[in-house]
Amino acid sequence: MGHIPIVATNFINNVIDQSYYFSALVIIAVALVLFVLSFEKRKPRTREVILMAVMVSIAVVGRLVFFAVPHIKPCAAIIIIVGMMLGKQAGFLCGVLTAFISDFFFGVGPWTPFQMIAFGLIGLLAAVLFNPKSVETTKGFVAVLIYGFVATFIIYGLIMDTATVMMFTDKVKWTSLLATYATGFVYNIIHAASTVAFLWLLARVMQRKLQRMMLKYNIQ
């Protein structure tokens, strides 16, 4: 049994030695905890929590339904709609929970925290930039579509590609980063384009349904 402490110590040292990876995980964990606490501090009503749970379930199921089609997923579109309709905390938490729960089906790993923060940021920024009435005008609808493409391509793509380099190389180098970004370019374009397509199909429909529910149940 004496070798177990040695193995554990070596593992901890290896993780700490890769300070960039360790630091990233700490930052992600702190961000998630702060947002969850702020959501709880606001004391959301049961009906609001139920609506959030329904939207997260839709996003998770959407990712599962399209499991056979790599990089074509409705998750980011639904998360953007939630942020736009329900606010910053709801958008962030919808993104975080969608990544966390769906990864139990796809596989939880060191990439999961990065997916959580990427989707969370997409939902958060959607709430900052847009409001529930944004898609009611042509100009606003186009702006939401553009945001969907840019956010998926840059925020999600950049975070996940950077995480890939951090997970599979001992030292982060610009050459490794650029090679990974170049390799993932086409896949990120496909993912971003699919987000635009799903926003085009779902944004106005879900906006009307969510507005009716929010009015009916007095959810602000």
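Above this text is the structure in question.
Since the model is a prediction, treat every value here as computed from it, not as a measurement.

With respect to the side chain of Lys 73
- Position of Lys 73 relative to the elements: it lies in the loop between α3 (46–65) and α4 (75–86).
- For the buried Lys 73, no salt bridge exists, and the shortest N-O distance to an oppositely charged side chain is 10 Å, to Asp 103.
- Looking at Lys 73, its side chain comes within polar contact range of the main-chain oxygen of Phe 66, at 2.9 Å.
- The residues touching Lys 73, leaving out its near neighbours within four places in the chain, are Arg 63, Phe 66, Phe 67, Ser 194 and Phe 198.

A few points about the pattern of salt bridges
- Under the definition given, this model contains 1 salt bridge.
- Arg 63 is the partner of Asp 103 in a salt bridge, and the nearest nitrogen-oxygen pair spans 3.0 Å. With Asp 103 in helix α5 (residues 88–106) and Arg 63 in helix α3, the pair connects residues that are 40 residues apart, well separated along the chain.
- For Asp 103, a relative accessible area of 1% puts it in the buried group.

Here's the deal with the environment of Ile 154
- With respect to the helices and strands, Ile 154 occurs in helix α7 (residues 138–168).
- On the accessibility criterion, Ile 154 (45% relative accessible area) is partly exposed.
- The sequence separation of Ile 154 and Ala 192 amounts to 38 residues, and the corresponding C-alpha distance is 8.9 Å.

Considerations on the packing of aromatic side chains
- Counted according to the given criterion, the structure contains 6 aromatic pairs.
- Ring centres of Phe 149 and Phe 153 lie 6.2 Å apart, and the angle between their planes is 15°; on these two criteria the pair is classed as stacked. On the criterion of helical spacing, the pair formed by Phe 149 and Phe 153 is a turn pair, its members being 4 residues apart in helix α7.
- When its relative accessible area of 30% is taken as the criterion, Phe 149 is described as partly exposed.
- Their ring planes at 90° and their centres at 5.6 Å tell us that Phe 153 and Phe 185 sit as a pair that is edge-to-face.

Quick word on the environment of Ile 81
- When you line up the elements, Ile 81 lands in helix α4.
- In this structure Ile 81 comes out as buried when scored by relative accessible area, which is 0%.
- Considered as a pair, Ile 81 and Gly 91 are 10 residues apart in the sequence and their alpha carbons are 8.0 Å apart.
- Ignoring sequence-local partners within four residues, the contact set of Ile 81 consists of Leu 199, Leu 202, Ala 203, Met 206 and Leu 210.

Calculation criteria
Here, residues in each chain are numbered from 1, in the same order as that chain's written sequence. Only residues with pLDDT of at least 70 are given local features in this predicted model, and only at 80 or more are side-chain atom pairs given and counted; all residues enter the totals for whole chains, interfaces and linings. Processing note: side-chain calculations cover all non-hydrogen atoms of the structure and skip hydrogens and water entirely. By definition, any uninterrupted DSSP run of H or I lasting at least four residues is a helix, any uninterrupted run of E lasting at least two residues is a strand, and each is numbered from the N terminus. Think of it in three bands: residues with accessible area under 20% of the maximum for their type are buried, residues over 50% are exposed, and the middle band is partly exposed, with areas taken using a 1.4 Å probe on protein chains only. Asp and Glu are treated as the negative residues and Lys and Arg as the positive ones, with His and the ends of the chain left uncounted. Think of a salt bridge as a Lys or Arg side-chain nitrogen and an Asp or Glu carboxyl oxygen that are within 4 Å of each other. Any pair of nitrogen or oxygen atoms within 3.5 Å is treated as a polar contact; in protein, a donor-acceptor pairing is required on top of that, and neighbouring residues in sequence qualify only through side-chain atoms on both sides. Between two residues, a contact is recorded if the distance between any of their heavy atoms is within 4.5 Å. Here is the rule: rings of Phe, Tyr and Trp (six-membered ring for Trp) pair when centre to centre is within 6.5 Å. Planes less than 30 degrees apart are stacked, more than 60 are edge-to-face, and the remainder are tilted.

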